[in-house]
Structure formats: structure tokens, C-alpha cells
Amino acid sequence: MLEDVMDVFIERIRKKVLSEDKMKEVPLAYLTTLDIPQSIKHFFDQEVELWIREEEEKFTSSDRFNYDLPEVRVLIDQIFDILKQTAQFSLPKFNQLLERAVKLQMNFVIEPHRTLTQFLFKDNRIISTIEVYDTLKYFFQFDYYKEAISDYFNTKYLKRISQEQFVTLINKIDEKVFSENRVEMTLKVIKTIMNFLSEARGTEVTSLPTDVLIAALKDRNLNDLVERVEQAQKQIQLTEMTFEDIENILFGRFEESPEAPAEKISFDEIESIEEQELTIPVDDIDVGEETPLEEQIKDAVEELERFDEKLSELEEDELELEEEEEEPEPKEEELKLEAEEEAPVEEESVMDEPPAEPELKEHPIPEVETEHETSSTFETQQEATVESESAVEQEYEPQVEEEPVEPSETDKSSKVAEDLADHLAKQIAGAGPLEDLNNMIKGRTRKKIIKKLFRKDEAAFNEFINKLNNMSSWKEASHFIDDTFYELNINPYSKEAITFSDIVYMRFFPKDKYIGERLEGDKFD
């Protein structure tokens, strides 16, 4: 169900955003004016903020000038404020970010503890509280998390927090939320989830798949309620439960529990947790104000490992550059050899005429530069006699190249709002077989993915790649990646996980240049 809802949600937003047939870029300023969920707008806004930070780092990295002067800082801020208003996303970039934004929001609504922890910490064990503040801006549901976390940081004057401390903090926040009226508060959360799915699908949702319900309860550590749902599922064998079913199960009506109220709580009567103003006291919460020594050591070791990896990458890059610089020399020698080999042919025809020597050097050079021409001077002299054949080739070759290209530009503008991903997938499938991922993921990129994502289990990685190679659509591959990452407890927001997803995406959409440019910029092998 969730996969279908997500696809419908993405498509509905696409139709609103890509309302004009000829749109090839999506300006951020235009995106913020549309009637789409605020969380999606903010995701794109934060993406541009990341661009600005990257540009600012480049801009202020020089040690020749003092960019920290107040009057300079004011001007720099003004420049980037203006630039932000001009930010725009290419269609491929927009489509991929939209998919990520929807996945992030859906994961957060169902499993906020897991999603917040993964999205906040990514590849780090310790982060600054300022990073937490900035990242929390991505999320609009369950505001009580943001307020309680901010209050705790301000109360304890925390500047840094470890992943373990954050997990403890968010667990204790929900302990307080569900300590009173446990079942009723849980039903309010469930209504919030259903409301989100209703907005995503465009029709009212008043039921949940049982596995989604269990995942939502487990994430919030409502283990006693999880047990009730699992026991009831064994009795009634439902794969999807209505709000009424959930209310009966959580209140223990099947077990005739004394805590069950006489009157049932209906879906229409109960308010969602978003409609309730929650004030959570955090003074008595203690997660350890100072980062433990063990965590500091682990963090330092990881920093050293990352530093060593960067050094090794730089060394490899230098070696690659040296090899590239050496490559042109043999090519020039080969050209000279070819010219020398072809020179006698001309000398026989012109004998001792002085102009023959410069003409010898002129003929072979265009033949070498043009890959489709042969090296025979006889064939180049007979071009006039085979004009009809070359004309046929010229007419035929563009047809082979343009058949997938011409419709793609037309269809991108006319059908992208309906289903851009499927359309492009059909085009690419018709153009030829999909690239083997083993050829796309190699070198140190492959080593990093095996090490970081698959815990050095190369056999598991190979099996995963083989399954992906057998898939014919990005939609199928994307869901398979999400499920595998979830089962293996792989953080989907880590650098290696995003890199892997981008490479697989490029397999199905090789014409999306921004992905290729990004990979090339990261110097992937």
C-alpha cells in the first residue's frame, strides 16, 4: 500500500509543479508559491541552503582576505540571499529530489525515531546541536519533537550530542507523551498517519496495513500495544485494519479489558496529535550532558579513518592524472608512424615533386581524427565515386540516433506531469540493454560500498547487484533498495547509500546528465 501511495503522491505533486508543457527547469521561487505540502517545499528550500553553504565555503576559503569582517559578512549574506531567489532545479534533479522528499516525510510520519536518528547523524556519531536545529526544519509533522528537543538543548546548554544520547532523548520525550491516556494518545498518532496518507493519495484513508501499524508502534517503544496487535492479528487474520479495528484492539475489547471505555472513540471524533498543543517538560530528562570519553574516542578514530581515506583518494587521483598526462605521447607517435607508412604511396604517384612532402602530412591527419573513416588514402580519393553510399549512411545514422531522442524531448514536456519515470524507462529500454551495474560500480567506490553498507560481505553485495541487474525499471529497483536497506539496517541517508542509489538511478536514466556530472565530480571509478 505505502509504495502505491508514495507513487500517487509524487505524481500528484508533479502535475501541480509541471503544469506547463515546456518547463525544463523548476525555480525555487516558483515552487514555494504552489499549493503543495509545506514539508515538500521546505525540503527543496533546504537543498538550496546546502548549495549556498557549499558555495560559501568555496568563496571564503581563501586566506588572502578577511571574510569575517562584519561589513564583508553583510555583503556576502546579501549576495547569497539574491542568489537563492534565482535557484532552480533541472527536471531530472527535481524528480529525484521529489522522490527523496516524499520518502523522507513518509518514513518520518510512520517511524520518527528511526528516521530522525538516521537523517541527523548520517555518517557521524557526534554532531553539533546547531546541525540538529537545521535538520529538524525538514519536518513539519509531530512538532512536539522539535519543541522538546530545542527546549532540552537550551536548558542543558548542549553544544554537541552523540547518536546514543539523541536516541535516549527522543525515547524519553515519547515516554512522557504516552505516559497518560496511552491508548487515546496512540490513536491520535494513528489519525495523524492516516491524515498524511489521505493527503498523499488524494482520498480519505481510514485504515492501515497491519505491518505499518506495528512498525509505527514499535518505533515509539509502545511494546505492550504491539503485543495486543500481534495477538489480535492471529485471531482475526487481517492484513489491513480500520480505525475501528485498531481502537478495539488497543483498548483490549477482544480481551474484555476493564480499561476499555464504555463508548467507542470514532475516527471523526478524535483529533490528531497535530491538533493538540503538547508541552513536554524536559527539566528532569538526563541523557548525559557531556559526551562520554568512549564516544569521543570513537569519533576521533572515525575522523582519522576519513582523513586517511581522503589521503589515499588524493594519492590515487594524482596517479591517475600522471597516467593521463603520459597517454598522449604514444598517440602522437602512432600518428607519426601512420603518416610515415602512408607517405610512400603518395611518393610513388608524384615521384620527386617537392610539394609532395607537405601533402603527405596533411592527408593522414583528418583520417585519424575521424573515427568512421578508413586509413586508406585510396578510399579517401574515391569519396566521389561512393557518394551515394555515404549519403545513405548519413540518412540512416541520424535515424538510429534521433528515434529515441526526438520523442524524448516532446514527451518530456507533454507527459512528464503524468509519469516521467515510466516514460523515460520505456525510451531507454527501447534504445538498448541496460548497463551492467558491475561495470558502473568499481574501484574504490565498490570497496567503500561493500565496506560501509555490506560490512565487508562481498558475497552479499554481489547477490544484491545481480538481483538489481535483472530488474527492468527504476521503480522496481528503488523499492528493492529501500526494502534491503531497511532489512539490513543500512542508513539510507549515509553518503555511501546515496551514492549507490544515484548510480543505480543512472543505470535507468543515463540521459540525466546531472547525475553523471555529480559522479564524475566525486571522482568515482
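Please read these numbers as outputs of a predicted model, since none were measured by experiment.

1. Here we look at the overall build of the chain
Stage number 1. Helix and strand counts for the chain stand at 25 helices and six strands.
Stage number 2. For the chain, with 525 residues in total, the buried portion stands at 41%.
Stage number 3. Of the roughly 30,500 Å² of accessible surface on the chain, 49% is carried by carbon and sulfur atoms.

2. So, a negative patch on the surface
Stage number 1. A cluster of acidic residues, Glu-3, Asp-4, Asp-483 and Glu-487, forms a negative patch on the protein surface.
Stage number 2. Elements with a contribution of two residues or more to the negative patch: α1 (2-17) and α23 (474-487).
Stage number 3. Tracing the backbone shows Glu-487 in helix α23.

3. As for unusual backbone geometry
Stage number 1. Despite not being glycine, Tyr-157 shows a phi value in the positive range, around 55°.
Stage number 2. Its place among the elements puts Tyr-157 in the loop between α8 (143-156) and β4 (160-162).
Stage number 3. Positive phi values are uncommon outside glycine, yet Asn-489 reaches one of about 55°.
Stage number 4. Along the chain, Asn-489 falls in the loop between α23 and α24 (495-508).

4. Regarding the environment of Glu-175
Stage number 1. Mapped onto the secondary structure, Glu-175 falls in helix α9 (residues 163-177).
Stage number 2. Owing to a relative accessible area of 55%, Glu-175 belongs among the exposed residues under this scheme.
Stage number 3. For the pair Glu-175 and Arg-220, spaced 45 residues apart in sequence, the C-alpha separation works out to 8.5 Å.

5. Regarding the side chain of Arg-125
Stage number 1. Turning to its location among the elements, Arg-125 is positioned in the loop between α6 (112-121) and β3 (126-128).
Stage number 2. With relative accessibility at 19%, the residue Arg-125 sits in the buried group.
Stage number 3. A polar contact is formed between the side chain of Arg-125 and the side chain of Glu-164, at a distance of 2.8 Å.

6. Considering the packing of aromatic side chains
The description of an aromatic ring pair rests on the distance of the ring centres and on the angle between the ring planes.
Stage number 1. Evaluated as defined, the whole model comprises 25 aromatic pairs.
Stage number 2. For the pair Phe-43 and Phe-44, a centre-to-centre distance of 6.3 Å together with 75° between the ring planes defines the contact as edge-to-face.
Stage number 3. The aromatic ring of Tyr-486 is capped on one face by Arg-114, whose charged end is 4.0 Å from the ring centroid.
Stage number 4. The ring of Phe-119 carries the charged tip of Lys-122 above its face, separated from the ring centre by 4.2 Å.

7. Overview of α23
Stage number 1. Here α23 is 14 residues long and its end C-alpha atoms lie 20 Å apart, about the 20 Å a rise of 1.5 Å per residue gives.
Stage number 2. If you check which residues of α23 are buried, you get Trp-474, Ala-477, Ser-478, His-479, Ile-481, Thr-484 and Phe-485.
Stage number 3. On its buried face, α23 is in contact with α1, α5 (91-110), α6, α22 (458-469) and α24.
Stage number 4. Remark: Asn-489 follows α23 within two positions and exhibits a positive phi of approximately 55°.

8. A few points about the pattern of salt bridges
Stage number 1. Throughout the structure, instances matching the rule amount to 19 salt bridges.
Stage number 2. We note a salt bridge from Arg-14 to Glu-11, for which the minimum N-O separation is 3.2 Å. Remark: Glu-11 and Arg-14 occur in helix α1; sequence separation between them is three residues, near one turn of the helix.
Stage number 3. Classification of Glu-11 as buried rests on a relative accessible area of 13%.
Stage number 4. Between Lys-176 and Asp-284 there is a salt bridge, with the nearest N and O atoms lying 3.0 Å from each other. With a gap of 108 residues between them, Lys-176 in helix α9 and Asp-284 in the loop between α13 (243-250) and α14 (293-326) connect regions that are remote in the sequence.
Stage number 5. Residue Lys-176 is classed as partly exposed on the basis of its relative accessible area of 27%.
Stage number 6. Assessed through its relative accessible area of 58%, Asp-284 is described here as exposed.
Stage number 7. Three or more residues joined by partner-sharing salt bridges are found here, namely Asp-45, Glu-49 and Lys-84.

9. A closer look at the nonpolar core
Stage number 1. Ranked by internal contacts, the top residues of the largest apolar core, which has 96 residues, are Tyr-144 and Leu-187.
Stage number 2. In terms of residues, this core owes the most to one element, α5, which gives eleven residues.
Stage number 3. Residues contacting Leu-187, with those up to four places away along its chain left out, are Phe-243, Ile-246, Glu-247, Leu-250, Phe-251, Ile-265 and Ile-270.

10. Describing the confidence of the model for the chain
Stage number 1. Confidence in the prediction of the chain, expressed as mean pLDDT, is 76, and 68% of residues score 70 or more.
Stage number 2. Within the chain, helix α11 (residues 210-219) carries the highest mean pLDDT (95), whereas helix α25 (residues 513-521) carries the lowest (42).
Stage number 3. Scored below 50 in pLDDT, residues 342-421 shows 60 contacts in the model against residues more than four places distant or in partner chains.
Stage number 4. Taken as a whole, residues 513-525 scores under 50 in pLDDT and shows 27 contacts with residues more than four places along the chain or in a different chain.

11. Things to note about the packing of helix α10 (residues 182-201) against α13
Packed helices, taken two at a time, are described by the angle their axes make and the gap between the axes.
Stage number 1. For the pair α10 and α13, the least separation of the axes is 10 Å and the interaxial angle reads 160°. The orientation of α10 relative to α13 falls into the category roughly antiparallel. Where α10 crosses over α13, the two elements pack in a sense that is right-handed. Two secondary-structure elements touch here, α10 through Val-183, Thr-186, Leu-187, Ile-190 and Met-194 and α13 through Phe-243, Ile-246, Glu-247 and Leu-250.
Stage number 2. Tallied by class, the residues present in the contact of α10 with α13 amount to seven nonpolar, one polar and one charged.

12. Observations regarding the side chain of Asn-469
Stage number 1. Looking at where Asn-469 falls in the secondary structure, it is placed in helix α22.
Stage number 2. Engagement of the side chain of Asn-469 in a polar contact is seen with the side chain of Asp-436, the distance being 2.8 Å.
Stage number 3. When sequence neighbours within four positions are dropped, the list of residues in contact with Asn-469 reads Glu-435, Asp-436, Leu-437, Asn-438 and Arg-507.

13. What to know about a nonpolar patch on the surface
Stage number 1. The grouping of Phe-59, Ile-79 and Leu-83 at the surface amounts to a nonpolar patch, some 260 Å² of accessible area in total.
Stage number 2. Looking at the secondary structure, you find Leu-83 in helix α4 (residues 70-85).

14. A few points about the environment of Thr-155
Stage number 1. If you trace the backbone, Thr-155 turns up in helix α8.
Stage number 2. Taking the relative accessible area as the measure of exposure, Thr-155 reaches 36% and is therefore partly exposed.
Stage number 3. As for Thr-155 and Val-282, which are separated by 127 residues in sequence, their C-alpha atoms are 8.1 Å apart.
Stage number 4. Non-local contacts of Thr-155, meaning those with residues more than four positions away in its chain, are made with Val-282 and Asp-283.

Reading guide: rules and limits
- Each chain has its residues counted from 1, running along the sequence as written.
- Local features in this predicted model are restricted to residues whose pLDDT is 70 or higher, and side-chain atom pairs enter the listing and the counts only when it is 80 or higher, whereas totals over whole chains, interfaces and linings include all residues.
- For side-chain calculations, the full set of non-hydrogen atoms in the structure is used, while hydrogens and water are omitted.
- Where helices and strands are cited, they refer to DSSP runs of H or I of at least four residues and of E of at least two residues respectively, numbered from the N terminus.
- For the exposure calls, accessible area comes from a 1.4 Å probe over protein chains only, and a residue counts as buried if that area is under 20% of its type's maximum, exposed if over 50%, partly exposed in between.
- Shrake-Rupley sampling with a 1.4 Å probe provides the accessible areas, and residues are treated as covered by the protein chains on show and by no other component.
- Each patch is assembled from residues with relative accessible area greater than 30% and no salt bridge, linking like charges that lie within 9 Å and nonpolar side chains (Val, Leu, Ile, Met, Phe, Trp, Tyr) that lie within 5 Å.
- Criterion for a salt bridge: a side-chain nitrogen of Lys or Arg within 4 Å of a carboxyl oxygen of Asp or Glu.
- Under the convention used here, Asp and Glu are negative, Lys and Arg are positive, and both His and the chain ends fall outside the count.
- Think of each charge as sitting on NZ of Lys, CZ of Arg, CG of Asp or CD of Glu.
- Polar contacts here mean pairs of N or O atoms no more than 3.5 Å apart (in protein, one a potential hydrogen donor and the other a potential acceptor; neighbouring residues in sequence count only if both atoms are side-chain atoms).
- Pairing of aromatic rings covers Phe, Tyr and Trp, the last through its six-membered ring, and needs centres within 6.5 Å; plane angles under 30 degrees mean stacked, over 60 mean edge-to-face, and all others mean tilted.
- Both a distance and an angle decide whether a charge sits over a ring: NZ of Lys or CZ of Arg must be within 6 Å of the ring centre and within 35 degrees of the ring normal.
- For a helix, the expected span equals 1.5 Å multiplied by the number of residues minus one.
- Any two residues whose heavy atoms approach within 4.5 Å are treated as being in contact.
- Side-chain atoms within 4.5 Å are what join buried Ala, Val, Leu, Ile, Met, Phe, Trp, Tyr and Cys residues into a set we call a nonpolar core.
- For every residue, the predictor assigns a confidence score, pLDDT, that lies between 0 and 100.
- To get an axis, a line is fitted to the C-alpha atoms, and for a helix only the part in contact is used. The angle between two axes follows their N-to-C directions and goes from 0 to 180 degrees.
- Should an angle fall under 35 degrees it is called roughly parallel, over 145 degrees roughly antiparallel, and 65 to 115 degrees roughly perpendicular, with every other angle called oblique.
- In a left-handed crossing the near helix is turned counterclockwise from the far helix by less than a right angle, and in a right-handed crossing that turn is clockwise.
- Nonpolar residues are Ala, Val, Leu, Ile, Met, Phe, Trp, Tyr, Cys and Pro. Charged residues are Asp, Glu, Lys and Arg, and all others, Gly as well, are polar.

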